[in-house]
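Read off the chains here:
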Amino acid sequence: HEMRGMVERVGTFDLLKGKILANLFYEPSTRTSSSFTAAMERLGGSVIPINEVKYSSVSKGESLADTVRTLECYADVIVLRHPETGSAAIAAKAAKKPVINAGDGVGEHPTQALLDAFTIMEELGRLDNLTVTMLGDLKYGRTVHSLARLLSKFNGIKLNYVSPEILRMPKEVMEEVGVPQAEYTNLDKVLPETDILYVTRVQKERFEDPADYEKVKGAYVIDPEIMKAAKQEMAVMHPLPRVGEISTDFDDDPRAAYFRQMEYGLYVRMALLAMVLGKA
Ligand code: NCD
């Protein structure tokens, strides 16, 4: 909230003046990468962007640990997105400086979970006593793995998982999450009780067999007609990008929170950078 207020009042300020962030992205990104860059620059710091890994030493076969050790010579904090699960933990182990996980394959996306929690608080005014329905690709979607874990820290949370049979929430996540959870293949039964509908994209790039992707793409599409069965006071969220799971006809509905959610990513990442660099 403080970061949001500062951005609205002055835009950019000097909390992290002189600090440098290395933004190391081995996978495509629009929102996460640019919001970390904007967050750092709005705090008065600067950014070393490394997006096109094919032009860097990584393409020469350098290990992740060595790349991270190199970047921490020049930067104060490293933000890493990488296609392999566990890569952020490997990087954090190799580094002496803070490493922030911006998505490790199908593993986790913890900064997304933080901004999702902030969004739920903004939309509904509470983070407890909620029925949260996660819809879509719960197997490969890392955002829902992190969000389920984070929400399970709060009281009175119920999680519904709605997905095609082959894209169910992984067992290891369900075992860690100590709140009531239920699985469905159809949204109808749970939509009326849902406080947060968290929609995800089917993660095409993670499928081993493209035929499997063809079978499940477009499995669920949220539109104004379907949403007639939902409460008036609830919110529809999506980490974005969407590829058809939410009809654009729904965008003007007050319950459509996904664009606000995207904006909050800036403030949450500003706060996180300030915290890990000892300024909060
Ligand atoms: C998500 C991701 O990269 O996991 N995008 C994001 O960071 N907002 C979701 C996705 O790619 O589907």
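Rules and cut-offs
Residues numbered from 1 in each chain as written. Predicted model: local features only at pLDDT ≥ 70, side-chain atom pairs only at ≥ 80, totals over all residues. Heavy atoms only, no water. Phe/Tyr/Trp six-rings, centres within 6.5 Å; stacked < 30°, edge-to-face > 60°. Helix = DSSP H or I, 4+ residues; strand = E, 2+ residues; numbered from the N terminus. Buried < 20%, exposed > 50% of the residue type's maximum accessible area, 1.4 Å probe, protein only. Pairing = 2+ DSSP bridges. Axes fitted to C-alpha atoms, helices over the stretch in contact; angles between N-to-C directions.

Two descriptors summarise a pair of aromatic rings, namely the distance from one centre to the other and the angle between the planes of the rings. By the definition in use, this model includes four aromatic pairs. Judged by centre distance (5.2 Å) and plane angle (75 degrees), the ring pair of Phe118 and Tyr264 falls under edge-to-face. Here Phe118 is found in helix α5 (residues 110-124), whereas its partner Tyr264 is found in helix α9 (residues 258-276), with 146 residues between them in sequence. Take Phe118: its relative accessible area is 14%, and that puts it in the buried class.

Here we come to unusual backbone geometry. Of note, the amide linkage connecting Leu240 to Pro241 takes the cis form, showing an omega dihedral of 5 degrees. By the secondary structure assignment, Pro241 is in the loop between β9 (235-237) and α9. The phi dihedral of Asn129 is positive, around 50 degrees, even though this residue is not glycine. Structurally, Asn129 is set in the loop between α5 and β5 (130-135). You can call Asn129 exposed: its relative accessible area is 52%. With phi around 65 degrees, Leu240 is a residue other than glycine that occupies positive phi space. As for its position among the elements, Leu240 is in the loop between β9 and α9. Accessibility expressed as a relative area gives 11% for Leu240, which makes it buried.

As a further point, take the sheet that holds strand β4 (residues 99-104). To summarise the sheet geometry, strands pair through backbone hydrogen bonds and adopt either a parallel or an antiparallel arrangement. Strand order in the open sheet formed by four strands is β2-β1-β3-β4, and the pairing between neighbours is parallel. Looking at the sheet topology across the chains shown, the edges are occupied by β2 (46-50) and β4. Pairs of neighbouring strands in the sheet enclose a mean axial angle of 15 degrees, with direction left out of account. Sheet topology note: the strand β1 (residues 20-25)/strand β3 (residues 77-82) ladder contains five bridges and is parallel. Among the inter-strand pairings, Leu21 is bridged to a residue of β3, identified as Val77.

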